[in-house]
Amino acid sequence: MHKTHIPVFDIVVIGSGPAGATTARIAAQKGLKVLLVDKRQELGAPIQCSGAVSRHALEELGITPSEEFIHEDIYGFSIYNQQGDKTEIDYQRIKPDEYGKGEGKKPLGYVVDRRRFDRYLMAQAERAGTEVWLKTEGLGYQPLEDGTCEVHLRRFNQEITVKSKVLVGADGLQSQVGKWAGLRTHIKLSELASCLQFIVDKVETDGLLEIVTGHQWAPGGYAWVFPKGHGYAEIGLGVIRTMTDQNAQWYLDQFIQKSFFKERFKDCRILEIQGGGVPLAHPLKKQYADNLILVGDAARHVNPITGGGIHTALSGGRIAGTFLSSFLKNGKKPTAKNLKGYQDQWLEELGNKMWKLYDEKTNIFRTKDIARQDEQLYNTMSSYFSPDSEYKKI
Amino acid sequence: MQKREPVIFQIGWNACINCGACVAVCPQGAGFISAFDTIAVNRPCDIACMMCEDICPVTTISHQHLSELNGKKEVIEWLQAQHTK
Ligand SMILES: Cc1cc2nc3c(=O)[nH]c(=O)nc-3n(C[C@H](O)[C@H](O)[C@H](O)COP(=O)(O)OP(=O)(O)OC[C@H]3O[C@@H](n4cnc5c(N)ncnc54)[C@H](O)[C@@H]3O)c2cc1C
Ligand code: SF4
Ligand code: SF4
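Basis of the calculations
Residues numbered from 1 in each chain as written. Chains lettered and ligands numbered in written order. Predicted model: local features only at pLDDT ≥ 70, side-chain atom pairs only at ≥ 80, totals over all residues. Heavy atoms only, no water. Helix = DSSP H or I, 4+ residues; strand = E, 2+ residues; numbered from the N terminus. Polar contact = N/O pair within 3.5 Å; in protein donor to acceptor, adjacent residues only side chain to side chain. Contact = heavy atoms within 4.5 Å. Near = heavy atom within 4 Å. 1 Å grid on protein atoms, 1.4 Å probe; cavity = no way out; pocket = protein on both sides within 12 Å on 5 of 7 lines; lining within 4 Å. Sits in = over half its atoms within 2 Å of the grid points. Buried < 20%, exposed > 50% of the residue type's maximum accessible area, 1.4 Å probe, protein only. Pairing = 2+ DSSP bridges. Points joined across faces, edges and corners; volume = space filled by probe spheres on them. Nonpolar A, V, L, I, M, F, W, Y, C, P; charged D, E, K, R; others polar.

Participant: Describe the side chain of A:Thr148, and please don't skip the residues or the numbers.
Facilitator: All names here are of chain A. Examined against the element boundaries, Thr 148 turns out to sit in the loop between strand S9 (136-143) and strand S10 (149-155). Here Asp 146 takes part through its side chain, which lies 2.7 Å from a polar atom of the side chain of Thr 148. Thr 148 has contacts with Gln 142, Pro 143, Lys 163, Ser 164, Lys 165 and Asn 291, leaving out every residue within four places of it along the chain.

Participant: Give a description of the site of ligand 2 that names residues and reports values.
Facilitator: In the neighbourhood of ligand 2, the contacting residues comprise B:Phe9, B:Cys26, B:Pro27, B:Gln28, B:Phe32, B:Ile39, B:Cys45, B:Ile47, B:Ala48, B:Cys49, B:Met50 and B:Cys52. Comparing atom positions with the cavity grids shows ligand 2 to sit within the second largest cavity.

Participant: Tell me about the pairing of strand S15 (residues 233-239) of chain A, and name the residues and values.
Facilitator: All names here are of chain A. In terms of burial, S15 is largely enclosed, as seven of its seven residues are buried. Side chains Ala 233, Ile 235, Leu 237 and Val 239 project from S15 onto one buried face, and the interleaved Glu 234, Gly 236 and Gly 238 project onto a second face that is buried too. By the bridge criterion, seven bridges tie strand S12 (residues 192-201) to S15 in an arrangement that is antiparallel. Following the sheet pairing, Ser 194 is matched in S15 by Val 239.

Participant: Describe empty space enclosed by the protein, with residues and values.
Facilitator: All names here are of chain B. Inspection of the entire model under this criterion finds three cavities of 30 Å³ or more. Taken as a whole, the largest cavity holds about 110 Å³ of empty space. Around the largest cavity, the lining comprises 15 residues; the ones closest to its centre are Cys 16, Cys 19, Cys 22, Thr 38 and Cys 56. Residues that form the lining of the largest cavity fall into these classes: ten nonpolar, four polar and one charged. Each pocket or cavity is described by its volume, and for the second largest cavity that value is around 60 Å³. The wall of the second largest cavity is formed by Phe 9, Cys 26, Pro 27, Phe 32, Ile 39, Cys 45, Ile 47, Ala 48, Cys 49, Met 50 and Cys 52.

Structure (structure tokens):
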């Protein structure tokens with residue numbers, strides 16, 4: 001049979017979210033031949049993210065904050081309990097010389113537009129030498145005798161096979177790549193927050209990320225009000241379905257119509273509807289297999305207290321890209337045994353802290369008494385975002 | 001454990017936000033998905049744990065037991081044929 005020429009890469013990355021695009025960019029910068037594929041036609045759409053990310057997270061990855069993707073600058077947090085009492089952590093007040101809007105001062109973080117942010121990250125990967133294919137879906141992979149693997153793709157309806165030394169699964173929440181290798185990736189119902197959010201007009205915000213705790217508003221999770229630029233806001237929440245019979249949509253309606261914010265929300269007009277699942281889970285215990293590693297949401301690299309996954313996806317991508325470039329340059333065989341090194345590295349830099357956060361979270365929700373549980377969550381959230389939190393950098 | 005009866009899912013596409021949460025909780029092996037980031041709708045599920053229905057933020061997944069489709073064997077065959085296309 002005539003076999004057409006099969007393209008060969010050092011690494012093939014499935015999924016161009018923050019995790020995949022960063023892995024690809026770093027690996028390409030370090031001289032690897034990289035293919036990055038995504039099944040979407042427009043990255044980041046439909047949006048499944050609120051877009052809050054710290055300035056530190058971007059700086060760490062050499063990402064210059066740009067108007068291209070930033071909706072609004074953020075200066076701190078307001079954490080509310082169920083009744084509406086709050087702990088305000090405004091860095092403009094805590095460190096006025098460093099944080100603020102004036103000359104020489106900076107924001108604490110940003111709310112980004114994931115469509116533009118993901119496109120930007122992909123463009124940076126491409127400029128670093130990555131080959132990028134959109135409208136290209138990963139279908140499966142097959143380790144080969146020679147130590148490489150075949151990756152099966154479908155691009156604009158055409159089936160294509162490429163060869164690669166390592167396949168990186170960065171395919172997000174609904175990840176299939178891990179399953180291809182038989183890894184147990186599904187998340188427990190009790191550890192996946194079911195989320196819904198509205199982008200709204202006519203709700204004022206003040207440069208702070210507002211987080212509302214309390215079983216009444218969001219059992220197992222929390223509700224949020226984020227500034228979204230252009231005078232818009234984002235109202236959303238996530239619930240754990242094993243803790244309630246109602247869905248996220250029902251809770252969001254309750255929160256808007258019945259909470260202590262009901263006056264503030266009374267004229268709100270919905271401009272966009274978004275949602276998704278946020279793993280409040282531990283990272284996967286096994287994030288590697290023969291010729292394969294997982295990164296980002298696909299490996300459940302999400303902060304189990306805040307549900308934030310952009311920073312951890314970016315950091316995970318940096319760790320994966322750096323690891324793979326020295327790994328492949330040393331001519332190591334990408335067997336599962338050898339690729340365990342990636343996970344070890346990840347645990348050391350990031351993962352062990354995430355496990356600790358997971359234990360803290362588990363402790364809170366193990367408390368049977370709901371009032372106590374609410375109090376614990378409120379206190380944990382308040383101290384998590386305080387300037388002296390030990391977790392500030394994840 | 002008592003074996004559950006296989007089900008076929010229907011998704012109300014009008015409410016679905018294509019978020020993939022149903023896929024993320026699903027213990028099925030690789031490929032039990034639709035082109036719209038939801039669990040598969042063209043094959044019966046024999047695990048029938050219903051976690052996909054629970055996680056859905058807009059409760060837009062419903063199911064029928066395979067037995068309810070009895071006599072409609074050709075429907076299932078047709079669905080499956082769609083999958084292999
Ligand atoms: C409602 C909501 C709000 C959130 N808010 C925040 C927040 O404010 N701050 C924060 O830090 N995090 C937030 N998160 C979490 C954050 O969105 C994720 O953790 C983050 O997007 C993970 O990045 P990733 O690169 O791992 O995956 P993703 O961003 O999900 O990217 C995966 C990519 O893979 C592609 N893909 C999937 N399967 C295939 C395939 N078979 N072939 C080809 N391509 C494929 C997809 O098209 C997608 O582009 C939120 C999540 C939700 C649901
Ligand atoms: S019932 Fe369970 S196994 Fe079947 S599709 Fe839904 S989540 Fe997956
Ligand atoms: S969880 Fe519901 S809204 Fe999300 S993709 Fe599945 S069916 Fe659609």
